[in-house]
Amino acid sequence: MKKSVEIIGLPVISIVEGTELGTVKSLLINPADGSVTILIDDSKWYWGAKFLPLAAATGLGEYAITIENSDAILTLTDAPEVEKLIVADLKIIGTKVLTKNGRIQGKVTEFFVDNSGKIVSCEIEDLNGGTTSIEAKQILTFGKDVLFVSDDHETVAERSTTTNISIPPVSTSVASEVKPPVIQVKEPEDVKVAANDDSARKFDEKNRKYLLGKKASRRIETDNGLLIVEEGGEITEEVLQKAKLTGSFVELTMNIQ
């Protein structure tokens with residue numbers, strides 16, 4: 001498994017021919033399945049762009065990508081579907097991460113590719129500036145602007161309280177025979193719900209702090225023409241309230257500078 005940044009610049013080498021066929025110039029990502037195709041930079045660029053689906057590579061090593069022979073290298077004539085990937089220009093790194101229910105998780109800072117040529121996980125910078133990881137199975141959509149993940153990425157741990165009952169001192173003669181009981185008391189269901197609600201409120205507060213003061217990257221309005229914020233406008237408490245009340249909150253979070 002390798003970071004995307006570790007793949008860029010690697011030489012592509014044919015095992016049968018024993019020659020270097022070029023270096024990795026960039027990565028093309030298929031949003032349908034998270035598979036990666038590399039764009040190869042060589043001295044014969046005037047003959048057209050050359051590509052290699054990473055799934056066709058023999059090895060994804062520390063110092064090189066190896067292939068069986070040069071027949072694995074494709075052109076747009078061989079694989080016209082690659083043109084769609086070029087046009088889509090899906091970068092992933094820097095895109096916002098939202099759960100299905102519209103909660104901001106942060107933004108993608110890196111992604112990892114395994115030997116099968118697919119993205120296996122993404123590294124996320126969360127709203128507190130920390131780092132977390134999302135597995136590919138949690139990713140719902142590889143979007144140009146937003147990476148949507150399943151709601152189970154945002155988890156609230158159930159808590160239980162352990163209460164120790166203190167026991168009065170006993171005589172030395174029986175102390176070794178008597179052990180203080182430890183009683184575990186589980187929180188009632190309504191307490192768990194309250195804890196989950198509290199966590200949700202805290203997360204909403206993080207979202208609010210994250211958005212306040214940012215600038216809108218485009219004009220946002222409702223279907224009936226109600227203006228939420230102008231392009232370049234500052235995200236204020238009033239803007240957030242209007243966005244929530246009109247169901248435009250997710251659209252707002254997707255369009256901030």
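Overview of the structure. None of the values given here were measured: they were computed from a predicted structure.

## Overview of the nonpolar core
Next up, step 1: The biggest cluster of nonpolar side chains holds 31 residues, and the ones touching the most others in it are Val 12, Ile 38, Leu 52, Ile 65, Ile 92, Ile 119 and Cys 122.
Next up, step 2: Secondary structure elements with two or more residues in this core: β3 (19-29), β4 (36-41), β7 (65-67), β9 (104-113), β10 (119-125), β12 (139-142) and β13 (146-149).
Next up, step 3: No fewer than three residues from each of domain 1 (2-88) and domain 2 (95-149) sit in this core.
Next up, step 4: Here Val 12 is in contact with Thr 19, Glu 20, Leu 21, Gly 22, Thr 23, Val 24, Ile 38, Ile 40, Leu 52, Ile 65, Ile 67 and Ile 73, once residues within four sequence places are set aside.
Next up, step 5: Counting residues in each nonpolar core, the second largest holds 16 residues, with Ile 104, Ile 220, Ile 235 and Phe 249 among its members.

## Considerations on the side chain of Asp 42
Next up, step 1: Considering the arrangement of structural elements, one finds Asp 42 in the loop between β4 and β5 (50-53).
Next up, step 2: You can call Asp 42 buried: its relative accessible area is 15%.
Next up, step 3: Within the local environment of Asp 42, its side chain forms a polar contact with the side chain of Lys 50, the two groups lying 3.4 Å apart.
Next up, step 4: Every residue in contact with Asp 42, bar those within four places of it in the chain, is listed here: Leu 21, Gly 22 and Lys 50.

## Here's the deal with the sheet that holds strand β2 (residues 11-14)
Next up, step 1: Spatial strand order, β5-β4-β3-β2-β7-β6: six strands in an open sheet with mixed pairing. Two strands bound the open sheet, and with one partner strand each, they are β5 and β6 (59-60).
Next up, step 2: Pairing analysis gives four bridges linking β4 to β5, with the strands arranged antiparallel. Residue pairing for β5: Ile 40 is matched across the bridge by Lys 50.

## Details of the layout of surface pockets
Next up, step 1: Approximately 160 Å³ is the volume found for the second largest pocket.
Next up, step 2: Looking at the second largest pocket, it is lined by 13 residues, and the ones nearest its centre are Asn 30, Ser 35, Thr 37, Pro 53 and Leu 85.
Next up, step 3: At the level of elements, β4 and α2 (82-88) are the ones that each hand at least two residues to the lining of the second largest pocket.
Next up, step 4: Here the residues of the lining of the second largest pocket are counted per class, giving eight nonpolar, four polar and one charged.

## Focus: the environment of Asp 33
Next up, step 1: By secondary structure assignment, the location of Asp 33 is in the loop between β3 and β4.
Next up, step 2: Classification of Asp 33 by relative accessible area gives partly exposed; the value is 37%.
Next up, step 3: A distance of 2.7 Å separates a polar atom in the side chain of Asp 33 from a polar atom in the side chain of Ser 35.

Here is what the cut-offs are and how they apply
Position numbers for residues count from 1 along each chain, tracking the sequence in the order it is written. Confidence filtering applies because this is a predicted model: local features only for residues at pLDDT of at least 70, side-chain atom pairs given and counted only at 80 or more, and all residues used for totals across whole chains, interfaces and linings. Working from all heavy atoms in the structure, the side-chain values ignore hydrogens and water. The criterion is simple. A nonpolar core is a set of buried Ala, Val, Leu, Ile, Met, Phe, Trp, Tyr and Cys residues joined through side-chain atoms within 4.5 Å. Classification of residues uses two cut-offs on accessible area relative to the type maximum, computed with a 1.4 Å probe and protein chains only: under 20% is buried, over 50% is exposed, and between them is partly exposed. Only runs of H or I of at least four residues qualify as helices and only runs of E of at least two qualify as strands under DSSP, and these elements are numbered from the N terminus. Each domain span listed reflects an automatic or database assignment of domains. In this analysis, two residues are considered to be in contact whenever any of their non-hydrogen atoms come within 4.5 Å of each other. Here a polar contact means two N or O atoms within 3.5 Å. Within protein one must be a hydrogen donor candidate and the other an acceptor candidate, and residues neighboring in sequence count only if both atoms are side-chain atoms. Strands pair, by our definition, only if DSSP identifies at least two bridges between them. Space inside and on the surface of the protein is sampled on a 1 Å grid over the protein atoms alone, with a cavity defined as a set of points where a 1.4 Å probe fits but cannot get out and a pocket as an open set with protein on both sides within 12 Å along at least 5 of 7 lines; lining residues have an atom within 4 Å of a point. Grid points are joined across faces, edges and corners, and a volume is the space filled by probe spheres set on the points. Any residue that is not Ala, Val, Leu, Ile, Met, Phe, Trp, Tyr, Cys, Pro, Asp, Glu, Lys or Arg is counted as polar, Gly included; the first ten are nonpolar and the last four charged.

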